[in-house]
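Coordinate inspection notes
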Amino acid sequence: MDKLLQFLGEEITDPSEEAFLVFSQEIPSANLGFVDSKATTLEVSIVGKDISIRQSPSLLSSNRKEGTTGAVVWKITPLFAEWICGSDNALFRTGILDSTSHVLELGCGISGIVSLALAPKIHRYIATDQDYVLKLLRENIKENEHVFASASSFSKVGKKSRREAHDSNESSKIDTRSLDWETDAQSNLYNELNIQATSGEQIDLLIACDCIYNTHLIVPLVNTCAEICRSTPKSKPTLCIIAQQLRSAEVFEEWLSAFHYYFRVWRIPDELLSGGLKEGNGFVLHFGVLREDSQEK
């Protein structure tokens, strides 16, 4: 982790100042941030590979009280997937991520784009969201996982097609789990998500990609991040990346103040980001490490 911190620059000490600096940049108009909220199918290219993602515009426009935003793809998601899987990404260069790593995503939505792109590079990816998301999420993963599989994955399947090989493969690196920050118990999340901490398995990286868009979600999200990180053996902390589209300065500052209470925080600088995520595009990424005294908070 120390190697990565050398790249990140100054730690954020004042959430209000950070909010001022972030929202001082020119922010392009991008409506709510959907790629295409009316399309039932999206064609997306990630790291040179083309995938087809099914969406549910009807669910997005429904009156479901528990939320509907996970039913379609948001603009930051493919940009984030492209960045985190890049060959020069600092997380891999500094050893934060490697072929033994475990990654957990909160609020993954129906697409599974980040999990599809990143899973081949790590040991296990756990994608979580509310129950209503999981059916489409699992379908999208099943339909596209073979696109990112290495040729060696199919060296023993003879004349089987890649899709047939995937369908018969029971060792997928992607797990899908139901997790609702607002209603699920905050304690023992490792056990609820079937993470075997006692046998050495732990979450190395926690991802939340565009999950911050209104105030009532902030406290449950931050508490969930903190609880997962508390469950990690102290010898190797779980690290967090929070990626978001810039919409409301007030919501952003409220989130950062809550997150900063539990986590040491850095903004990921432009020199570590790919083009679409750099300043001026309306997105921002922050890196968090649980404070030592947060075990008691």
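Here's what I pulled together on the structure shown here. In this text, all values refer to a predicted model and were calculated from it rather than measured experimentally. (Residues numbered from 1 in each chain as written. Predicted model: local features only at pLDDT ≥ 70, side-chain atom pairs only at ≥ 80, totals over all residues. Heavy atoms only, no water.)

Here's the deal with unusual backbone geometry
Backbone geometry at Val-47 places phi at a positive 40 degrees, although glycine is not the residue there. Summarising the element assignment, Val-47 is placed in the loop between strand 1 (41-46) and strand 2 (49-54). Despite not being glycine, Asp-210 has its phi angle at roughly 55 degrees, a positive value. Looking at where Asp-210 falls in the secondary structure, it is placed in the loop between strand 6 (205-209) and helix 10 (218-230). Taking relative accessible area as the criterion, Asp-210 reaches 4% and is therefore assigned buried. (Helix = DSSP H or I, 4+ residues; strand = E, 2+ residues; numbered from the N terminus. Buried < 20%, exposed > 50% of the residue type's maximum accessible area, 1.4 Å probe, protein only.)

Comments concerning helix 10
With 13 residues, helix 10 extends 18 Å from end C-alpha to end C-alpha; this agrees with the ideal 18 Å at 1.5 Å per step. Of all 13 residues that make up helix 10, 11 are buried, and the element is covered over most of its length. (Expected span 1.5 Å × (residues − 1).)

Some remarks on the sheet that holds strand 7 (residues 239-245)
Taken in spatial order, the seven strands make up an open sheet running 5-4-3-6-7-9-8, and their pairing is mixed. Each edge of the sheet is formed by a strand with only one pairing partner; in this case those strands are strand 5 (174-178) and strand 8 (263-267). With strand direction ignored, the average angle separating the axes of adjacent strands in the sheet is 20 degrees. Pairing of strand 8 with strand 9 (residues 283-290), which is carried by five bridges, proceeds in the antiparallel orientation. Considered in strand 9, the bridge of Arg-267 is made with His-286. (Pairing = 2+ DSSP bridges. Axes fitted to C-alpha atoms, helices over the stretch in contact; angles between N-to-C directions.)

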